[in-house]
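Results of the structural survey
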Amino acid sequence: MNEEMKTMVNAIIDEIGRVEDRTNRRFDRLEERLDSIQHDVYACKLETSTLDLLLKKIEQLEKRIEELEQKTA
């Protein structure tokens, strides 16, 4: 009985190790995906900032054009 218990305990410990390895691999993949998503979010924020600056510049130019048109009219 004692030898059988040792065998069962060793089998349980081995299975726990396998489950831990699978779980760690899954967490590693999730971490990689999260890093990728964070990179994409950061890129989108930069694009949004750039678009905001471009829109402001366009509005300024449109205002200047209107003023010049009024002066020349």
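Quick note: structure is the one above.
First, a word on what this report is: a plain description of the structure on this page. (Residues numbered from 1 in each chain as written. Predicted model: local features only at pLDDT ≥ 70, side-chain atom pairs only at ≥ 80, totals over all residues. Heavy atoms only, no water.)

So, a positive patch on the surface
On the surface, Arg 25, Arg 26, Arg 29 and Arg 33 cluster together to form a positively charged patch. Of note, Arg 25 is situated in helix α1 (residues 2–72). When its relative accessible area of 46% is taken as the criterion, Arg 25 is described as partly exposed. (Patch = residues over 30% accessible without salt bridge, like charges linked within 9 Å, V, L, I, M, F, W, Y side chains within 5 Å. Areas by Shrake-Rupley, 256 points an atom, 1.4 Å probe, with all protein chains shown as cover. Salt bridge = Lys/Arg side-chain N within 4 Å of Asp/Glu carboxyl O. Lys, Arg positive; Asp, Glu negative; His and termini not counted. Charge placed at Lys NZ, Arg CZ, Asp CG, Glu CD. Helix = DSSP H or I, 4+ residues; strand = E, 2+ residues; numbered from the N terminus. Buried < 20%, exposed > 50% of the residue type's maximum accessible area, 1.4 Å probe, protein only.)

Thoughts on the pattern of salt bridges
Within the structure shown, the criterion is met by 2 salt bridges. The residue Arg 18 makes a salt bridge to Glu 15 at a minimum N-O spacing of 2.7 Å. On the criterion of helical spacing, the pair formed by Arg 18 and Glu 15 is a turn pair, its members being 3 residues apart in helix α1. Its relative accessible area of 45% is what places Arg 18 among the partly exposed residues. A relative accessible area of 35% places Glu 15 in the partly exposed class. Members of the salt-bridge network, linked through shared partners, are Glu 15, Arg 18 and Arg 22.

Section: a negative patch on the surface
On the surface, a cluster of negative charge is contributed by Glu 59, Glu 62, Glu 66, Glu 67 and Glu 69. Here Glu 59 lies in helix α1.

None of the figures reported here should be taken as evidence of function without further support.
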